Amino acid sequence: MSSDAPLPMLGGLSAADFLRDHWQRRPLLIRGAFSGFECPLTPDELAGLACEEGVEARLVEEHGEGGPWQVRHGPFDETVFGTLPERDWTLLVQAVDHYVPEVAELLEAFDFLPRWRLDDIMISYAPPGGSVGPHVDQYDVFLLQGMGRRRWQLGGLVPDDAPIIAGIDLRILERFEVEAGNDWVLEPGDMLYLPPGWAHHGVSQSDDCLTLSVGFRAPSADEAITSFADYLGEQLPASLRYSDAGMAAPGDPAELDDEAVARMRRFILGTLDDPARLAQWFGRVMTQPKYVDQLVPNETPTAPEALVARLQEGAELIRSPGSRFAWRALDEQDATLFADGDGAECALPLARLLASEAPLDAEALALPGAPELLAALLDAGSLAWADEFEADEFEG
């Protein structure tokens, strides 16, 4: 697909136009982004998901028994929902795309953005008046209205040190002023894009209001520096040390002079400035799964010969829900395949296949190194047999 082709989900903008004018720059309201949209799950199904062990969920009550803006964390007992008031509360469930295939399919609509930047799809339910207060997110988000109506108000870019309400388990802004013209009610299929740092406030206007939030990963500077330093530290030899050969005699042996600081600066920057290592670290960190315990490794290693035989019999492998893949070319023939925080060197066509949405069946065996890599990914839990996964889902 050409980046210059108009996209209905972007209101007729092309990917190039959107990335130039809006991505990480300014909001965009798209009426009818998903024409005739029907939410892939009901409020009752979302509540049921919030009751399951291992699912990250929160209940936010604007007027809770313990005071304003009370937050409870799941998993919840289903009886909890019968005790809630008729208005002014919100249920939020993270990573619904990991559990509901129909929700995960929505991510294909966002293929004009790097897949490794996607984080998850959170879905929130609220009766009339439900919200989580005016706040700021430090990541890009598309807010797709799935059911009912929600009013969104925007307050512009907010500085990092903007005061927040103290004493509650939410980062709600103390002051929120709506910018003129940035006040809309979204209907099912409408979508609002927000860049990082933009103050916003969404309030349910009707019964059974569901909003799908497609969020994106953006490591902070402290997270990135610490993670990259840890990655380098595992590889650098102990013999690589600070050196001051050829230095002049110090005027005062107790002084930490400018030249000593400059030598250490050159030492650190020279060690960090390694594009090849940075790329390998970056691929690993951006494919780390959101929930590590969702990956279930095989207890018994898979023999590549057995995997080949099963694929040739018509079986198919799938990418496990929540798994993340990306690739980076090393040269014209080879690449690194990044999968769930790990990396493996393989043939470039094989890396591209595995990181795509294409089926993984017997045809994949024609690519060099496929049996061994597929077996390794199956054993790591990044891949699963389609028939076994479907059976597990049915039993669950």
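Residues numbered from 1 in each chain as written. Predicted model: local features only at pLDDT ≥ 70, side-chain atom pairs only at ≥ 80, totals over all residues. Heavy atoms only, no water.

Visitor: Before we move on, could you go through the overall build of the protein chain and cite the residues and values that matter?
Guide: The helix and strand tally for the protein chain stands at 10 helices and 16 strands. The principal-axis extents of the C-alpha atoms in the protein chain amount to approximately 75 × 70 × 45 Å. Buried positions account for 45% of the 396 residues belonging to the protein chain. Counting only contacts in the protein chain whose residues sit at least 6 apart along the sequence, the fraction spanning at least 24 positions is 76%. (Helix = DSSP H or I, 4+ residues; strand = E, 2+ residues; numbered from the N terminus. Buried < 20%, exposed > 50% of the residue type's maximum accessible area, 1.4 Å probe, protein only. Contact = heavy atoms within 4.5 Å.)

Visitor: Now, about the packing of helix H7 (residues 304-312) against helix H9 (residues 370-380): what can you tell me, with residues and values included?
Guide: Axis separation between H7 and H9 bottoms out at 9 Å; the angle between their running directions is 95 degrees. In terms of their interaxial angle, H7 and H9 are classed as roughly perpendicular. For the pair H7 and H9, the contacting residues are Pro304, Leu307, Val308 and Leu311 in the first and Pro371, Glu372, Leu374, Ala375 and Leu378 in the second. (Axes fitted to C-alpha atoms, helices over the stretch in contact; angles between N-to-C directions. Parallel < 35°, antiparallel > 145°, perpendicular 65-115°, else oblique.)

Visitor: Can you break down the packing of aromatic side chains residue by residue, with the values?
Guide: Aromatic ring pairs are defined here through the distance separating the ring centres and the angle between the ring planes. Summed over the entire model, instances satisfying the criterion amount to 17 aromatic pairs. An aromatic cluster is built from Phe18, Trp23, Phe110, Phe112, Phe142, Tyr193 and Phe216, whose rings are joined through pairwise contacts. A cation sits over an aromatic face here: arginine 310 above tryptophan 385, 4.3 Å from the ring centre. (Phe/Tyr/Trp six-rings, centres within 6.5 Å; stacked < 30°, edge-to-face > 60°. Lys NZ or Arg CZ within 6 Å of the ring centre and 35° of its normal.)

Visitor: Could you give an account of H9, with specific residues and numbers?
Guide: Most of H9 is tucked away: 8 of the 11 residues are buried. Residues of H9 that are buried: Ala370, Pro371, Leu373, Leu374, Ala375, Leu377, Leu378 and Asp379. Trailing H9 by a residue or two, glycine 381 shows a phi angle of about 95 degrees, which is positive.

Visitor: Got a sec to walk through the sheet that holds strand E3 (residues 67-73)? Specific residues and values, please.
Guide: The 8 strands are arranged E1-E9-E6-E11-E5-E4-E2-E3 in an open sheet whose pairing can be described as antiparallel. The open sheet has two edge strands with one neighbour each: strand E1 (28-30) and E3. Averaged over all neighbouring strand pairs, the angle between strand axes comes to 20 degrees, with direction disregarded. Bridge analysis of strand E5 (residues 118-126) against strand E11 (residues 209-216) gives 8 bridges, and the strand direction is antiparallel. Its bridge partner lying in E11, tyrosine 125 is registered against leucine 210. Along the sheet face, helix H2 (residues 43-50) touches strand E2 (57-64), strand E4 (89-93), E5, strand E6 (141-147) and E11 and points at about 65 degrees away from the line of E4. (Pairing = 2+ DSSP bridges.)

Visitor: Before we move on, could you go through the pattern of salt bridges and cite the residues and values that matter?
Guide: Counted according to the given criterion, the structure contains 18 salt bridges. Note that arginine 20 and aspartate 17 form a salt bridge whose closest N and O atoms lie 3.2 Å from each other. Separated by 3 residues within a single helix, arginine 20 and aspartate 17 lie in helix H1 (residues 15-21), roughly one turn from each other. Assessed through its relative accessible area of 49%, arginine 20 is described here as partly exposed. Residue aspartate 274 is joined to arginine 277 by a salt bridge in which the shortest nitrogen-to-oxygen separation is 3.2 Å. Here the salt bridges share partners, and the residues they tie into one network are Asp119, Asp120, Arg217, Lys290 and Arg324. (Salt bridge = Lys/Arg side-chain N within 4 Å of Asp/Glu carboxyl O.)

Visitor: An account of a nonpolar patch on the surface is requested, with residue identities and associated values reported.
Guide: On the surface, a cluster of nonpolar side chains totalling about 390 Å² of accessible area is made up of Tyr242, Met264, Ile268, Leu269 and Leu272. With respect to the helices and strands, the residue isoleucine 268 is situated in helix H5 (residues 258-272). With a relative accessible area of 41%, isoleucine 268 lands in the partly exposed category. (Patch = residues over 30% accessible without salt bridge, like charges linked within 9 Å, V, L, I, M, F, W, Y side chains within 5 Å. Areas by Shrake-Rupley, 256 points an atom, 1.4 Å probe, with all protein chains shown as cover.)

Visitor: With reference to specific residues and values, describe the nonpolar core.
Guide: One finds Leu91, Phe112 and Phe142 to be the most contacted residues of the largest nonpolar core, which totals 46 residues. Ignoring anything within four residues of it in the chain, the contact list for leucine 91 reads Leu46, Ala47, Ala50, Arg58, Leu59, Phe76, Phe81, Ile123, Ser124 and Tyr125. Counting 28 residues, the second largest nonpolar core, distinct from the first, contains Leu360, Leu373, Leu383 and Trp385. (Core = buried A, V, L, I, M, F, W, Y, C linked by side-chain atoms within 4.5 Å.)

Visitor: Go over the side chain of aspartate 137, please, and point to the residues and values.
Guide: On the secondary structure map, aspartate 137 appears in the loop between E5 and E6. Summary of buried charges: aspartate 137 has no salt-bridge partner, and the nearest side chain of opposite charge, arginine 58, is 8.0 Å away. Dropping the residues within four chain positions of it, aspartate 137 is found in contact with Pro196, Gly197 and His200. (Lys, Arg positive; Asp, Glu negative; His and termini not counted.)

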